[in-house]
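A closer look at the structure
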Amino acid sequence: MQNKSINRPNMITVSETSLPPKSKNNPSLNRNQSLPVELTGKNEQAKQVEDSRPNVVKRIKITSRLVFLKVGQIDTRNERFDAEAFIECSWEDDALFKILADPNMAKNINGGNSLEYLTQQAESISLSNSNLINLKNIISNINLLEYDPNLFWSPQLYIENAIGDLKEEIRHRLEIVEREGSNLLDDPSYRPRNGEFKELMNSLTVRVSEMRKLRGIFYERLELYDFPMDTQELSITLTSKRQSSEIEFVENLKDGCSINTEDFLDQQEWDLFSHVKTTGRYIFDPWRKYERPGFSVSCFIARKPGYYLYNAYMLIFLITMLGFVPFAFDSDKPQFRCQVTGLLLLTSVNFRWVITQRLPSVPYLTSLDKYAIGSLLYLVLFCVWHSIIGSNIITNDDKQREDIDHYVLLGSISFCFIYNSFYLVWFLKMSSSIKKFQSDGLKEAADQAKNRNKLSKKQLEATLSIDEQNDYEILKKCVKKELNTNNVVTKMSNSNQNLTRSARLMSQPSTNDPSLFITA
């Protein structure tokens with residue numbers, strides 16, 4: 001898990017919109033348009049930024065979290081699993097903040113203008129000398145803005161390990177927040193100069209949150225070395241079409257990633273653990289010849305070995321034990337011994353073939369394969385011994401031959417006992433390690449929950465003196481009242497036209513919230 005700390009900005013106002021239908025033939029929509037303030041690219045607008053900031057390349061942070069809402073069937077043979085998940089990604093957009101300050105924003109956007117034109121119009125409004133007028137424009141415009149990822153900058157996210165088409169619902173939410181690392185609204189040392197909020201306006205920005213609920217089939221390479229006492233990691237990998245030099249994924253430490261263990265469909269065969277793991281990675285794109293960032297969230301499952309213990313290990317053990325039965329025949333009659341041993345050998349081979357049909361074709365031996373092949377070799381050695389002892393190659397003395405045969409029988413029984421005892425100890429050791437892994441994961445999840453609580457409860461303890469409270473308190477309360485008491489009319493509709501929901505304000509998603517589940 002990542003342990004990086006994130007300074008959470010103060011939320012001021014919220015507006016939530018849905019993903020509008022894509023316009024394929026609109027030349028004003030530029031999906032690959034880059035942020036002129038934070039991102040350097042290869043287009044004309046990015047080149048202008050490079051001229052003014054030639055030595056600065058700033059990657060946009062995509063704060064991400066994922067919640068496993070439901071884990072469905074796990075297909076071991078085809079190495080895939082069904083799942084439903086909720087993903088929330090947020091990033092700061094300075095260019096959009098400037099556009100919102102434009103009083104003619106709605107007119108310019110409805111006119112089908114490009115992002116470059118909207119940015120040029122917004123540049124004419126100087127935020128450095130603004131006051132509550134521009135702030136009112138921003139609050140008013142954020143309620144009118146239908147966020148369109150085809151028009152404004154977006155990280156172009158998708159699921160890397162999805163198989164086939166996913167069923168997705170995508171919505172967007174806009175929030176006016178302070179920049180990362182800024183805390184002027186709660187900083188008692190801050191005093192606006194001449195009644196203007198230059199520093200405050202320069203510290204504000206727009207945070208765009210993309211929320212998607214998805215359901216589909218995902219590929220996961222399964223490690224079956226310890227089958228059937230194996231523990232598997234099921235992951236969903238979020239990535240972007242943009243380069244790793246443009247954006248980076250950061251875990252949302254405040255809300256965190258989680259999993260709903262109550263809604264697990266394959267409980268008869270697997271145990272689902274209640275902790276998750278996040279991993280950052282880089283994916284090389286051979287088609288575009290660059291690296292893309294990735295963000296993987298994994299849950300863990302442990303196979304219940306009871307079915308294979310009773311229907312595989314025990315049957316193989318009983319078939320192997322029958323290999324001692326031919327020793328009841330006289331050693332001078334190998335035809336009877338070899339006939340019974342060969343029949344047991346064919347039965348074991350056929351049984352192994354049935355077991356392998358339930359597993360993928362892996363280029364290594366699982367624990368069950370090793371046990372089954374060891375038992376086959378045991379029967380083969382029995383068959384070879386019966387042929388040798390019956391052909392009088394060792395000795396022609398009947399009494400001596402019987403004594404040697406008895407010694408071989410006792411040695412075989414001793415080796416069989418040691419062989420099966422080894423696997424019994426291995427089973428107990430693997431069971432203990434799985435329990436330890438689960439307990440360690442629970443402790444880690446509890447520590448992360450404590451860290452999130454500390455992060456959410458962290459506040460400044462500084463106080464103001466009486467002399468510092470004069471007009472500053474009045475102006476500060478005016479700003480907070482203007483920002484926090486505005487009733488934001490939430491406009492929300494689904495991007496999927498076949499699925500409609502009632503409009504509501506979306507806060508932190510909870511796994512108990514029925515609206516998170518996708519209905520067929």
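These numbers come from a predicted model, not from an experiment.

The next thing to look at is the environment of Phe97. Within the secondary structure, Phe97 is located in helix H2 (residues 94-100). On the basis of relative accessibility, which here comes to 2%, the residue Phe97 falls in the buried class. Sequence separation between Phe97 and Leu204 is 107 residues; the distance between their C-alpha atoms is 8.1 Å.

Contact geometry for helix H7 (residues 306-321) and helix H9 (residues 367-390): axes closest at 10 Å, N-to-C directions at 10°. Between H7 and H9, the interaxial angle falls into the category roughly parallel. Taken together, the residues of H9 that come into contact with H7 (itself represented by Ala312, Tyr313, Ile316, Phe317, Ile319 and Thr320) are Ser367, Leu368, Tyr371, Ala372, Ser375, Tyr378 and Leu379. When its residues are assigned to classes, the contact of H7 with H9 shows 10 nonpolar, three polar and no charged.

Turning our eyes to something else, we now look at the packing of helix H8 (residues 334-356) against H9. Following both chains from N to C, one finds H8 and H9 inclined at 165°, their axes separated by 9 Å at the closest point. With respect to each other, H8 and H9 are oriented roughly antiparallel. Crossing handedness for the pair H8 and H9: left-handed. Residue composition of the contact of H8 with H9, by class: 15 nonpolar, six polar and three charged.

This next bit is on the pattern of salt bridges. In this structure the tally under the stated criterion is 25 salt bridges. Notably, a salt bridge pairs Arg65 with Asp255, separated by 4.0 Å at the nearest N-O pair. With Arg65 in strand S2 (residues 60-75) and Asp255 in the loop between strand S8 (247-251) and strand S9 (258-259), this residue pair connects regions lying 190 residues apart in the sequence. Judged on exposure class, the residue Arg65 and its partner Asp255 are both buried. Note that Asp230 is salt-bridged to Arg303, the shortest N-O span being 2.8 Å. Linking Asp230 in the loop between strand S6 (204-219) and strand S7 (231-240) with Arg303 in strand S11 (residues 290-303), this pair joins segments that are 73 residues apart in sequence. It is possible to trace a salt-bridge network through shared partners that takes in Arg65, Glu88, Arg173, Glu175, Arg207 and Asp255.

Caution applies to low-pLDDT parts of the model: their predicted coordinates are not meant to be read in detail. Of the residues in the protein chain, 65% have a pLDDT of 70 or more, and the chain-wide mean is 74. Within the protein chain, no element has a lower average pLDDT than helix H1 (residues 44-52), which sits at 39, and none a higher one than S7, at 95. Considering only residues more than four positions removed or in separate chains, one finds that residues 1-56, a stretch of pLDDT under 50, has 159 contacts. Per-residue pLDDT stays below 50 along residues 458-472; that stretch engages in 15 contacts with residues further than four places along the chain or on separate chains.

Bringing a nonpolar patch on the surface into the picture now. Together, Val380, Val384, Ile388, Ile393 and Ile394 give the surface a local cluster of nonpolar side chains, amounting to about 410 Å² of exposed area. Checked against the element boundaries, Ile394 lands in the loop between H9 and helix H10 (398-457).

Before going further, it helps to spend a moment on the environment of Val325. Along the chain, the position of Val325 falls in the loop between H7 and H8. Judged by its relative accessible area of 45%, Val325 is partly exposed. Along the primary structure Val325 and Arg337 are separated by 12 residues, whereas in three dimensions their C-alpha atoms are 8.5 Å apart.

This brings us to the packing of aromatic side chains. Counted under the stated rule, the structure contains 24 aromatic pairs. Measuring from centroid to centroid gives 4.9 Å for Tyr313 and Phe427, while their planes differ by 80°, and the two rings are edge-to-face. Remark: Phe427 occurs in helix H10 and Tyr313 occurs in helix H7; sequence separation between them is 114 residues. Residue Tyr313 shares its accessibility class with Phe427, and that shared class is buried. Seen in terms of ring centroids, Phe324 and Phe382 are 5.2 Å apart; in terms of plane orientation they differ by 65°. Their pairing is edge-to-face.

All chains considered together, the criterion is met by zero disulfides. Cys383 takes part in no disulfide bond, and the closest cysteine sulfur to it belongs to Cys338, at a distance of 4.3 Å.

This part covers the nonpolar core. Across soluble globular proteins, you tend to see nonpolar side chains buried next to one another. If you look at the biggest cluster of nonpolar residues, it comprises 69 residues, and the most contacted ones within it are Phe68 and Val71. The residues touching Val71, leaving out its near neighbours within four places in the chain, are Asp82, Ala83, Leu234, Ile259, Asp263, Phe264, Leu265, Leu272 and Cys299. With 10 residues, the next largest nonpolar core counts Tyr378, Leu379, Trp385 and Cys416 among its residues.

As a further point, take the sheet that holds S11. A sheet is described by the order of its strands in space; here four strands give the open sequence S4-S7-S11-S10, paired in antiparallel fashion. Two strands in the sheet have a free side with no partner beyond their single neighbour: strand S4 (157-159) and strand S10 (270-285). Between one strand axis and the next, the sheet turns through 25° on average, direction left out of account. As paired elements, S10 and S11 share 13 bridges and run antiparallel to each other. Pairing of Thr278 across the sheet is with Val297, part of S11.

Most of S6 sits out of view: 13 of its 16 residues are buried. The pairing of strand S3 (residues 80-93) with S6 spans 14 bridges and is antiparallel. Within S6, the position partnered with Ala85 by the bridge is Leu214. As judged from the 14 bridges shared by strand S5 (residues 162-178) and S6, these two strands associate in the antiparallel manner. Its bridge partner lying in S6, Glu168 is registered against Leu214.

Analysis parameters
- Throughout, residues of each chain are indexed from 1 in the direction in which the sequence is written.
- Predicted model: local features are reported for residues with pLDDT of at least 70 only, side-chain atom pairs are reported and counted for 80 or more only, and whole-chain, interface and lining totals are derived from all residues.
- For the side-chain quantities, the full set of heavy atoms in the structure was used; hydrogens and water were omitted.
- The way it works is that DSSP assigns letters per residue, a run of H or I at least four long becomes a helix, a run of E at least two long becomes a strand, and they are numbered from the N terminus.
- A 1.4 Å probe rolled over the protein chains alone gives each residue an accessible area, and that area as a share of the maximum for its type sets the label: buried under 20%, exposed over 50%, partly exposed in between.
- Lines fitted to C-alpha atoms define the axes, with helix axes restricted to the stretch in contact, and inter-axis angles between N-to-C directions lie between 0 and 180 degrees.
- Throughout, the term roughly parallel applies to angles under 35 degrees, roughly antiparallel to angles over 145, roughly perpendicular to angles from 65 to 115, and oblique to all others.
- Between two residues, a contact is recorded if the distance between any of their heavy atoms is within 4.5 Å.
- Ten residue types, Ala, Val, Leu, Ile, Met, Phe, Trp, Tyr, Cys and Pro, are classed as nonpolar, four, Asp, Glu, Lys and Arg, as charged, and the remainder, Gly among them, as polar.
- Here a crossing is taken to be left-handed if its near helix is turned anticlockwise relative to the far helix by less than a right angle, and right-handed if that turn runs clockwise.
- Salt bridge, as applied in this entry: a Lys or Arg side-chain nitrogen positioned within 4 Å of an Asp or Glu carboxyl oxygen.
- pLDDT is a residue-level measure of predictor confidence that goes from 0 to 100.
- Like charges within 9 Å and nonpolar side chains (Val, Leu, Ile, Met, Phe, Trp, Tyr) within 5 Å are joined into patches, using only residues over 30% in relative accessible area that form no salt bridge.
- Using a 1.4 Å probe, accessible areas were evaluated by the Shrake-Rupley method; residue-level cover was limited to the displayed protein chains.
- Note on aromatic pairs: the rings of Phe, Tyr and Trp (six-membered ring only in Trp) are paired at centre separations within 6.5 Å, and the planes decide the class, stacked below 30 degrees, edge-to-face beyond 60, tilted for the rest.
- Working definition: a disulfide is two cysteine sulfur atoms within 2.5 Å of each other.
- Here, the term nonpolar core denotes a set of buried Ala, Val, Leu, Ile, Met, Phe, Trp, Tyr and Cys residues that are joined through side-chain atoms within 4.5 Å.
- For two strands to count as paired, DSSP must find a minimum of two bridges between them.

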